[in-house]
Amino acid sequence: MDDSQSRRAAPSVAERARSVLAAAWSCAVTAEGGREELVGAHTVTEDGRVLLQVPEDSTLLAAALCAPRGEPSAVLEFADVAPVPVRRRIRARLWLAGRLVPQDGRLAFEASRVVLRQEPGESAVDLDEFAAAAPDPLATAEARLLTHLAGHHADAVERLTRLVDSDSLQGAVRVRPLAVDRHGLTLRIERARAHGDVRLAFHAPADDVGRLTERMHVLLGQASAVSCPRALQRQRADGDG
């Protein structure tokens, strides 16, 4: 697999941020009155604005009403957690700083700064790009897709490691599917005291689950044409012992 191709075939930072937002079920809100953990209480508009449904006695309402006009009044934090159990399961964190504004019985969040932290570091997201970006079409189905792949097709995951450079498999004790988007599948290779991620790019974007199935079949076909790396053979032997 061409590493340069794999790096190019990936979502932009703005798209990745919107995907985290689209898939998140909970968020933490820090405001003047403290910090609240909200579960199933937010929705997202097409332009990326977050709407919060909070109880009438929530301190967030007071924070929204009392904050000086035009000044940031809150920070929203979203965690992107890998659906398959792996080391360091949080894949990314998304922070939105801005103002909470009462609107139609809810709190509308007007972001003034968006920051995404993921490997290899932290990136500020341009607000116009964030508003214009769309979440990955597989974002809300990713958890189901990856848990199915890990739970019912471990043999396919092992076969896909044939597409990974043998040096990356040295010392591997476990390989798990970490992430999938329309551009490719990411595998986490865990070693005794470390881990690394390898991305397998699709030959063309998968804009829905049906196309994803075809892209995966292509990858598996490519893998079947490659002999099993010696590093992976050692991994199986160690695991059997």
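As a reminder, the structure under discussion sits directly above these lines.
Everything numeric in this text was worked out from a predicted model, so none of it was measured. (Residues numbered from 1 in each chain as written. Predicted model: local features only at pLDDT ≥ 70, side-chain atom pairs only at ≥ 80, totals over all residues. Heavy atoms only, no water.)

*Asks:* Even after reading the chapter, I still don't get the side chain of Arg-188, so can you show me in this structure?
*Replies:* If you trace the backbone, Arg-188 turns up in strand E10 (residues 184–191). Separated by 2.8 Å, the side chains of Arg-188 and Asp-197 make a polar contact. If sequence neighbours within four positions are ignored, Arg-188 has contacts with Val-86, Arg-87, Arg-88, Arg-174, Val-175, Arg-176, Leu-178, His-195, Gly-196 and Asp-197. (Helix = DSSP H or I, 4+ residues; strand = E, 2+ residues; numbered from the N terminus. Polar contact = N/O pair within 3.5 Å; in protein donor to acceptor, adjacent residues only side chain to side chain. Contact = heavy atoms within 4.5 Å.)

*Asks:* Help me out: how do you make sense of the sheet that holds strand E9 (residues 172–181) in this one?
*Replies:* Within a sheet, neighbouring strands are paired by backbone hydrogen bonds and run either parallel or antiparallel to one another. Across the sheet, three strands lie side by side as E9-E10-E11; this open sheet has antiparallel pairing. Edge strands, defined here as strands with exactly one partner in the open sheet, are E9 and strand E11 (195–201). Averaged over all pairs of adjacent strands, the angle between their axes in this sheet comes to 25°, without regard to strand direction. With seven bridges joining them, E10 and E11 adopt antiparallel strand pairing. What sits directly across from Glu-190, in E11, is His-195. The strands touched by helix H5 (residues 142–152) are E9 and E10; relative to E9, the strand with the most contacts, the crossing angle is about 150°. (Pairing = 2+ DSSP bridges. Axes fitted to C-alpha atoms, helices over the stretch in contact; angles between N-to-C directions.)

*Asks:* Can you help me understand unusual backbone geometry in this one?
*Replies:* Excluding glycine, residues mostly have negative phi values, and the peptide bonds linking residues are mostly trans. That bond from Glu-119 to Pro-120 is cis: its omega, 15°, falls within 30 degrees of zero. Here Pro-120 lies in the loop between strand E7 (106–118) and strand E8 (121–125). Its identity as a non-glycine residue notwithstanding, Arg-88 has a phi of 45°, on the positive side. Looking at Arg-88, the relative accessible area reads 60%, which means it is exposed. For Asp-104, which is not a glycine, the phi torsion comes out positive at approximately 55°. Position of Asp-104 among the secondary structure elements: in the loop between strand E6 (90–103) and E7. (Buried < 20%, exposed > 50% of the residue type's maximum accessible area, 1.4 Å probe, protein only.)

Coordinates in, geometry out; function isn't part of it.
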